[in-house]
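For reference, the chains in residue letters:
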Amino acid sequence: MIQSHEANFAGEEAKAVRVPLSALQGQSYDVLVIGGGANGASTAQHLAADGYKVLLVEKGDFASGSSSRSSRLLGNGMHYLAGGHSPWDFILKPRRFLSGCRMARFALSSRAQMVKTVPELLEKVKFCFPIYKDSIYKPWQFDAGMNLLRLLGTGGVDLGYERITPDEAKRRPLLKWLRDSDKIASVATFDHFQFRWPERIVVDAALGAEKLGATIRNYTEAVALKQVGDQLWNVVLQDRFDNTRTDINARIVMNMAGIWIDQVNSRGPSKVSRKITGTKGIHIAFRLPPECRGASVTWQNRHNEHMYVLPWYDYHYVGPTEVPYEGNLDDIHPTESEIAWVIDEVRHMLPEIPLKREDVLYAWAGVRPWTSGPNAPKGLRIRKLHDLGAEGMPGVMALTGGPLMSHRSAGADASAAVARVLKPSGEARPIDYTSNRFKDDGVSPALVNSEPRISVAEIRHAAAHEHAATLTDLLFRRVPAGWTEQMGLQVARTAAEAVSDILGWDEARVAAEIDGFRKHVQHLHLRGE
């Protein structure tokens with residue numbers, strides 16, 4: 001039976017109406033931003049703040065792609081200073097060193113800004129990296145790397161760096177289970193931050209763009225781009241639900257579609273060279289003994305790539321993999337062989353943890369949109385804004401290699417690039433980075449009563465005001481129920497019924513949304529009932 005909550009939450013809309021795509025027919029914009037992930041949402045927000053008339057479209061839901069499937073780390077940039085398979089790579093390849101410093105500076109700046117503006121969406125984690133006596137990296141090189149990060153500028157957020165002895169490591173959770181403890185020279189420890197809820201970061205940026213005057217629309221795909229004048233583009237948009245189409249005009253097109261960037265470029269009038277090299281990363285969540293709550297460890301796996309065991313509420317997750325991906329971009333999910341590989345790496349590094357397949361609570365997978373480059377089978381770890389004018393698409397730009405952690409600087413840089421070729425049609429206004437998450441007064445009944453607590457009022461607010469179209473949108477990207485241990489399965493019906501009056505769902509639609517949510521969790525996260 002569908003229950004009405006109207007009497008308890010007065011002032012909410014009786015029904016959140018999705019504006020028909022036809023309402024955009026023939027509209028003209030300064031800038032069309034394609035892609036509602038971290039970089040696209042941030043670009044729209046910064047453009048709107050700078051006075052541009054902006055339309056942001058996303059073919060799925062905001063934050064439903066790579067932005068929601070990462071390691072959830074707001075790093076300090078240290079990994080950009082890792083030269084590769086030898087610590088001397090940077091001496092032999094100075095351009096790579098300069099590029100690494102640039103990316104590390106982005107990371108440090110983003111780290112400081114996020115810590116200062118949305119601390120409630122972050123969690124500090126003490127990273128612990130064992131340095132083995134036969135490692136290619138030595139303790140002094142960690143010291144040098146941290147000193148370089150300080151010179152690049154921490155923005156007032158301390159790195160929390162120190163090294164501890166092997167004996168001290170043997171007394172700490174997780175570290176005491178490291179393999180070959182007699183071969184450890186030192187353990188480097190430093191502060192990282194986790195995004196407790198990456199999707200909220202992206203949704204906040206999209207909503208922030210809307211507050212500044214941008215038009216935002218999810219489940220809207222750019223299916224054709226045609227140049228109709230000197231730096232004027234006609235773009236055909238299609239609604240992913242009812243397949244209706246309309247077309248709009250834009251002076252500038254910003255292709256921020258992440259791993260789909262090459263697909264979007266192919267819909268234009270010219271053949272554009274490949275911009276994206278994707279690598280697939282998976283993570284698995286599992287439970288460790290209570291003494292390990294909050295503890296972490298990171299290491300280089302047997303492919304000389306970083307892996308982490310990181311805390312997540314009262315359990316942990318481990319990953320990622322780093323494998324070139326050429327598969328279906330619309331169906332990225334972990335496989336059993338990938339899970340087995342991660343388990344094997346954990347058991348190799350932490351042999352006293354008897355991790356087995358049945359211990360896995362759930363898994364997730366994403367593909368990183370790295371910048372394509374010659375002799376780089378796993379892509380280049382650099383952020384690059386491509387001007388496609390030289391390839392027959394003047395007025396179109398595409399951003400590659402931009403991680404979640406530096407999305408704000410990516411948006412600011414993209415807006416600055418637009419300003420060099422187009423003046424805004426409106427007045428500039430300041431950006432407010434405050435999170436839009438509903439502030440629960442504690443009166444509303446709980447939807448989820450464990451950590452993180454989620455109220456019924458919160459999910460109803462999201463349904464009414466935050467462009468959610470499905471139950472999956474709500475539970476994964478408007479409230480964080482999807483990332484709890486049960487992945488929201490235990491509250492799916494309660495949530496669907498709680499928003500049914502707002503979204504106009506009858507009993508059949510409620511049942512369909514619950515079924516769709518369960519299939520999403522089972523397929524993309526390998527989580528059963």
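Located above this text is the structure these notes cover.
Since this is a predicted model, take the numbers as computed values, not measurements.

**Examining the overall build of the protein**
Now for step 1: When you go through the protein residue by residue, the secondary structure sums to 13 helices and 20 strands.
Now for step 2: In terms of C-alpha radius of gyration, the protein reaches 23 Å, essentially the compact-globule figure of 24 Å for 529 residues.
Now for step 3: Taken along its principal axes, the extent of the C-alpha atoms in the protein is 70 × 60 × 40 Å.
Now for step 4: Looking at the protein residue by residue over its 529 residues, the buried ones come to 58%.
Now for step 5: Sequence-distant contacts in the protein: of pairs separated by 6 or more residues, those separated by 24 or more amount to 74%.
Now for step 6: Of the roughly 21,600 Å² of accessible surface on the protein, 52% is carried by carbon and sulfur atoms.

**Description of helix H12 (residues 492-503)**
Now for step 1: Relative to the 16 Å expected for 12 residues at 1.5 Å per residue, H12 spans 15 Å between its end C-alpha atoms, a close match to the ideal helical length.
Now for step 2: Taken across its 12 residues, H12 has 10 buried, putting it largely inside the fold.
Now for step 3: Along H12, the positions that sit buried rather than exposed are Ala492, Ala495, Ala496, Glu497, Ala498, Val499, Ser500, Asp501, Ile502 and Leu503.
Now for step 4: Buried positions along H12 lie against strand E19 (446-448), helix H10 (456-465), helix H11 (471-478) and helix H13 (507-525).
Now for step 5: Of the residues trailing H12, glycine 504 is marked for its positive phi of about 70°.

**Here we look at unusual backbone geometry**
Now for step 1: Proline 320 follows glycine 319 through a cis peptide bond whose omega is -5°.
Now for step 2: The topology assignment puts proline 320 in the loop between strand E14 (315-319) and strand E15 (323-324).
Now for step 3: Look at alanine 63: it is not a glycine, yet its phi comes out positive at around 65°.
Now for step 4: Among the secondary structure elements, alanine 63 is positioned in the loop between strand E2 (54-57) and strand E3 (73-74).
Now for step 5: A residue is classified by how much of its surface remains accessible, and alanine 63, at 1% relative accessible area, is buried.

**Considering the packing of aromatic side chains**
Now for step 1: This model, assessed by the stated rule, comprises 13 aromatic pairs.
Now for step 2: Chaining the aromatic ring pairs together yields one cluster made of Trp312, Tyr313, Tyr315, Tyr317, Tyr362, Trp364, Phe476, Trp483 and Phe517.
Now for step 3: In this structure, arginine 72 is placed above the aromatic ring of tryptophan 364, and the distance from its NZ or CZ to the ring centre is 4.5 Å.
Now for step 4: Sitting over the ring of tyrosine 132, arginine 179 keeps its end group 4.6 Å from the ring centre.

**A closer look at the layout of surface pockets**
Now for step 1: Estimates place the volume of the second largest pocket at around 680 Å³.
Now for step 2: Around the second largest pocket, the lining is made up of 30 residues, and of these Ser64, Arg69, Arg477, His520 and Leu524 lie nearest the centre.
Now for step 3: Breaking the lining of the second largest pocket down by element, the ones donating at least two residues are strand E16 (360-371), H11 and H13.
Now for step 4: Ranked by the residues each element gives to the lining of the second largest pocket, the list is headed by H13, at five residues.
Now for step 5: Partitioned by chemical class, the residues of the lining of the second largest pocket number 11 nonpolar, nine polar and 10 charged.

**Considerations on the side chain of glutamate 322**
Now for step 1: Among the secondary structure elements, glutamate 322 is positioned in the loop between E14 and E15.
Now for step 2: Its relative accessible area of 13% is what places glutamate 322 among the buried residues.
Now for step 3: Only 3.4 Å separates the side chain of glutamate 322 from the side chain of threonine 279, close enough to count as a polar contact.
Now for step 4: In contact with glutamate 322, other than residues within four places in its own chain, are Thr279, Lys280, Glu305, Arg368, Trp370, Lys378 and Arg381.

**Overview of the pairing of strand E11 (residues 276-286)**
Now for step 1: Taking burial as the measure, the 11 residues of E11 include 11 buried ones, the bulk of the element.
Now for step 2: Of the two faces of E11, both are covered, the one formed by Ile276, Gly278, Lys280, Ile282, Ile284 and Phe286 as well as the one formed by Thr277, Thr279, Gly281, His283 and Ala285.
Now for step 3: Direction of pairing for E11 relative to E16: antiparallel, over a ladder of 11 bridges. Within the sheet, the bridge partner assigned to alanine 285 lies in E16 and is tyrosine 362.
Now for step 4: In the sheet, E11 pairs with E15 via two bridges, with the strands oriented antiparallel. Among the inter-strand pairings, lysine 280 is bridged to a residue of E15, identified as valine 323.
Now for step 5: The pairing of E11 with E14 spans three bridges and is antiparallel.

**Some remarks on the packing of helix H3 (residues 94-117) against helix H9 (residues 407-419)**
Now for step 1: In contact at an axis separation of 8 Å, H3 and H9 are set at 110° when each is read in the N-to-C sense. Relative to H9, the element H3 is oriented roughly perpendicular. Contact residues: Phe106, Ser110, Gln113, Met114 and Thr117 in H3; His407, Arg408, Ser409 and Asp413 in H9.
Now for step 2: Residue composition of the contact of H3 with H9, by class: two nonpolar, five polar and two charged.

**Concerning the pattern of salt bridges**
Now for step 1: Within the structure shown, the criterion is met by 35 salt bridges.
Now for step 2: For arginine 381, the salt bridge identified is with glutamate 322, shortest N-O distance 2.0 Å. Taken as a pair, arginine 381 in the loop between E16 and strand E17 (384-387) and glutamate 322 in the loop between E14 and E15 lie far apart in primary sequence, 59 residues in all.
Now for step 3: It is possible to trace a salt-bridge network through shared partners that takes in Asp61, Asp473, Arg477 and Arg478.

Definitions and cut-offs
- Residues numbered from 1 in each chain as written.
- Predicted model: local features only at pLDDT ≥ 70, side-chain atom pairs only at ≥ 80, totals over all residues.
- Heavy atoms only, no water.
- Helix = DSSP H or I, 4+ residues; strand = E, 2+ residues; numbered from the N terminus.
- Rg over C-alpha atoms; globule rule 2.2 N^0.38 Å.
- Buried < 20%, exposed > 50% of the residue type's maximum accessible area, 1.4 Å probe, protein only.
- Contact = heavy atoms within 4.5 Å.
- Areas by Shrake-Rupley, 256 points an atom, 1.4 Å probe, with all protein chains shown as cover.
- Expected span 1.5 Å × (residues − 1).
- Phe/Tyr/Trp six-rings, centres within 6.5 Å; stacked < 30°, edge-to-face > 60°.
- Lys NZ or Arg CZ within 6 Å of the ring centre and 35° of its normal.
- 1 Å grid on protein atoms, 1.4 Å probe; cavity = no way out; pocket = protein on both sides within 12 Å on 5 of 7 lines; lining within 4 Å.
- Points joined across faces, edges and corners; volume = space filled by probe spheres on them.
- Nonpolar A, V, L, I, M, F, W, Y, C, P; charged D, E, K, R; others polar.
- Polar contact = N/O pair within 3.5 Å; in protein donor to acceptor, adjacent residues only side chain to side chain.
- Pairing = 2+ DSSP bridges.
- Axes fitted to C-alpha atoms, helices over the stretch in contact; angles between N-to-C directions.
- Parallel < 35°, antiparallel > 145°, perpendicular 65-115°, else oblique.
- Salt bridge = Lys/Arg side-chain N within 4 Å of Asp/Glu carboxyl O.

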